[in-house]
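# Structure assessment
The chain contents come next:
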Amino acid sequence: MKITRDEVRHVAKLARLDLSGAEVDRMTGQLNVILNYVAKLDELDTDGVAVTTHTQQVVNAFRDDEVRPSLPRKQALANGPEQNGESFVVPRVIG
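Note that the structure is a prediction, hence the values are computed from the model and not measured.

## Some points on the environment of Arg73
- Take Arg73: it is sitting in helix H3 (residues 73-77).
- For the pair Arg73 and Gly85, spaced 12 residues apart in sequence, the C-alpha to C-alpha distance is 8.3 Å.

## Here we look at the packing of helix H1 (residues 5-14) against helix H2 (residues 21-41)
- At a minimum axis distance of 9 Å, the contact between H1 and H2 shows a crossing angle of 105°. Classified by the angle their axes make, H1 and H2 are roughly perpendicular. Taken together, the residues of H2 that come into contact with H1 (itself represented by Arg5, Val8 and Arg9) are Gly21, Val24, Asp25, Met27, Thr28 and Leu31.
- Split by residue class, the contact of H1 with H2 holds 4 nonpolar, 2 polar and 3 charged.

## Here's the deal with the confidence of the model for the protein
- Here the protein averages 89 in pLDDT, and 99% of its residues register 70 or above.
- Here H3 stands out as the element of the protein with the lowest mean pLDDT, 90, in contrast to H1, whose mean of 95 is the highest.

## Brief notes about the side chain of Thr28
- Assignment of secondary structure puts Thr28 in helix H2.
- On the basis of relative accessibility, which here comes to 9%, the residue Thr28 falls in the buried class.
- Apart from the residues within four sequence positions on either side, Thr28 is in contact with Ile3, Thr4, Arg5 and Val8.

## A closer look at the pattern of salt bridges
- Across all of its chains, the model carries 2 salt bridges by this definition.
- A salt bridge links Arg5 to Asp25; its shortest N-O distance comes to 2.3 Å. Residue Arg5 is located in helix H1, and its partner Asp25 is located in helix H2; the two are separated by 20 residues in the primary sequence.
- Since its relative accessible area comes to 32%, Arg5 is described here as partly exposed.

## Concerning the environment of Arg9
- Structurally, the position occupied by Arg9 is in helix H1.
- The exposure class assigned to Arg9 is partly exposed, which follows from its relative accessible area of 38%.
- Remark: the alpha-carbon pair of Arg9 and Leu19, spanning 10 residues in sequence, is separated by 7.7 Å.

## Re H2
- Taking 1.5 Å per residue, 21 residues should reach 30 Å; H2 reaches 31 Å between its end C-alpha atoms and fits that length.
- Taken together, the buried positions of H2 are occupied by Val24, Thr28 and Asn32. Projected down its long axis, H2 shows its buried positions confined to an angular sector of 75°, all on one face. Turned more than 90 degrees off the buried face of H2, the exposed positions are Ala22, Arg26, Val33, Tyr37 and Lys40.

The rules we used
All residue numbers refer to positions counted from 1 along the written sequence of the respective chain. In view of the model being predicted, local features appear only for residues whose pLDDT reaches at least 70, and side-chain atom pairs are presented and counted only at 80 or more, with totals across whole chains, interfaces and linings using the full set of residues. With hydrogens and water stripped out, all remaining heavy atoms of the structure feed into the side-chain values. Secondary structure elements are defined from DSSP: runs of H or I of at least 4 residues count as helices, runs of E of at least 2 residues count as strands, and each element is numbered from the N terminus. In this description, a line fitted to the C-alpha atoms serves as the axis of each element, helices being fitted only across the stretch in contact, and the angle between N-to-C directions of two axes falls anywhere from 0 to 180 degrees. Note on angle classes: values under 35 degrees are labelled roughly parallel, values over 145 roughly antiparallel, values of 65 to 115 roughly perpendicular, and the remainder oblique. Contacts were defined at the residue level, with two residues in contact if any of their heavy atoms lie within 4.5 Å. Side-chain classes follow a simple rule in which Ala, Val, Leu, Ile, Met, Phe, Trp, Tyr, Cys and Pro form the nonpolar group, Asp, Glu, Lys and Arg form the charged group, and the remainder, Gly included, forms the polar group. Along the chain, pLDDT gives the predictor's confidence residue by residue, from 0 to 100. For each residue, the accessible area found with a 1.4 Å probe, counting protein chains only, is set against the maximum for its type, and the residue is called buried under 20%, exposed over 50%, and partly exposed in between. We count a salt bridge whenever a side-chain nitrogen from Lys or Arg sits within 4 Å of a carboxyl oxygen from Asp or Glu. To estimate the expected span of a helix, subtract one from its residue number and multiply by 1.5 Å. For this quantity, the arc is that covered by the directions from the helix axis to the C-beta atoms.

Shown next, in the form of structure tokens:
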């Protein structure tokens, strides 16, 4: 699989990256090396290989859900840089 300079420019635009011509060339080369390596993996015979989702045999590692006492609000807010008595005060990020 070969990636083109136009595809690299398109992906850079989607990622909001402003790449110079030299950077586009370098990225095109690097991505082609990666894609060629991944294409080699397609040549492997994986028939009979069990699908794995984890590297270890883990079966439901969750603990039982139980009610426990929580940290008092005053104590939880004590280490915050700014609070209003009910919650942390953070800078507004959405208009």
